[in-house]
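Residues per chain, in single letters:
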Amino acid sequence: MMNNRVSAVRAVLFDVDGTLADTERDGHRLAFNAAFEECGLDWQWGVELYGELLAITGGKERIRYFVEHYAPAELARSGLDGWIAGLHKVKTRHYVSLLESGGIPLRPGVARLIRHLRDANIKIAIATTTTPENVTALLKSTLGDDSPGWFDVIGAGDIVPGKKPEPDIYDWVLERLKLPAQECIAIEDSENGLRASLAAGLDTVVTVSDYTRLQDFTGAKLVLSDLGEPAQPFTVLRGDGLDSGWVDANLLLNLKS
Ligand code: XBP
Ligand code: MG
């Protein structure tokens, strides 16, 4: 049998929502609701409904799905796409200000792994469906003002035609990294994200979040509770955690065997 083992991991591609931070339930959801209120809509996305709506990636796409299924009278609006885009802009303003107030911390192990990869000269990149301003605001509010510059490539939002589970954003980032997928690893939290990373040819580690833990992670190299810290080791949900308690360059390289 051919040995596909690579001698190095050259880049780690991070998803954002659910992976870097638990942003959905108490971040994006609240920002959507604040935007609805500001725009005079009586819509309220509860925790459970939002879990259902998360199957649709992209905030504008999610609003459209909601209109189609829960508020179809709005479909008669002229310029529906523009109206949704305007509503989503208001949502982004609320979300960014929530982040700027320090509202959402990084998940366990995220800051440690990012710093460790930089020290190990392994490139880091972002591949997300969310709006670019959201990524910058999250990174700045948690890792400091210069942290967006630590990333070799940040791929976000509408720069590609197909959102996850399409592989487009991962393909876009890999192209800019100028690296083959075999030399990289993706870190994801959701089934849609995993489908996207696998379709781009990336070995993927999944760290589950509250909304995603029951999803189908077939094809992931490793499914973990989180990235782990020496003082707070991860739990392995699927795969071989190599008796380690936290994700580091060594563990990622071992996944390549
Ligand atoms: C998650 C998403 C996004 C966010 C909301 O992206 O699907 O749509 O829920 O952000 P990922 P926007 O897991 O790829 O980071 O409203 O800006 O789309
Ligand atoms: Mg995600």
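No experiment lies behind these values; they were computed from the predicted model shown.

(A) Region of the structure containing helix 8 (residues 191–199). When helix 8 is considered as a whole, its buried residues turn out to be G193, L194, A196 and S197. Along the axis of helix 8, the buried residues cluster in a sector spanning 160°; they form a single face. Tucked inside the fold, the buried residues of helix 8 contact helix 7 (168–177), strand 4 (184–188) and strand 5 (203–207).

(B) Structural view of the site of ligand 1. Near ligand 1, the surroundings consist of 19 residues, among which H88, K91, T128, T130 and T131 are the closest. Note that an oxygen atom of ligand 1 is positioned 2.6 Å from one of the side-chain N or O atoms of T128. For ligand 1, whose free accessible area comes to 450 Å², the fraction covered by protein is 96%. Among the secondary structure elements, those contributing two or more residues to the shell around ligand 1 are helix 1 (24–38), helix 3 (59–70) and helix 4 (80–100). A per-element tally of the shell around ligand 1 places helix 1 first, with 3 residues. Taken together, the residues of the shell around ligand 1 break down into 3 nonpolar, 10 polar and 6 charged. Residue-level mapping places the shell around ligand 1 at the junction of two domains, with at least three residues from each of domain 1 (4–22 + 106–256) and domain 2 (25–100).

Rules used in this analysis
Residues numbered from 1 in each chain as written. Chains lettered and ligands numbered in written order. Predicted model: local features only at pLDDT ≥ 70, side-chain atom pairs only at ≥ 80, totals over all residues. Heavy atoms only, no water. Buried < 20%, exposed > 50% of the residue type's maximum accessible area, 1.4 Å probe, protein only. Helix = DSSP H or I, 4+ residues; strand = E, 2+ residues; numbered from the N terminus. Arc of directions from axis to C-beta. Contact = heavy atoms within 4.5 Å. Near = heavy atom within 4 Å. Polar contact = N/O pair within 3.5 Å; in protein donor to acceptor, adjacent residues only side chain to side chain. Areas by Shrake-Rupley, 256 points an atom, 1.4 Å probe, with all protein chains shown as cover. Nonpolar A, V, L, I, M, F, W, Y, C, P; charged D, E, K, R; others polar. Domains from an automatic or database assignment.

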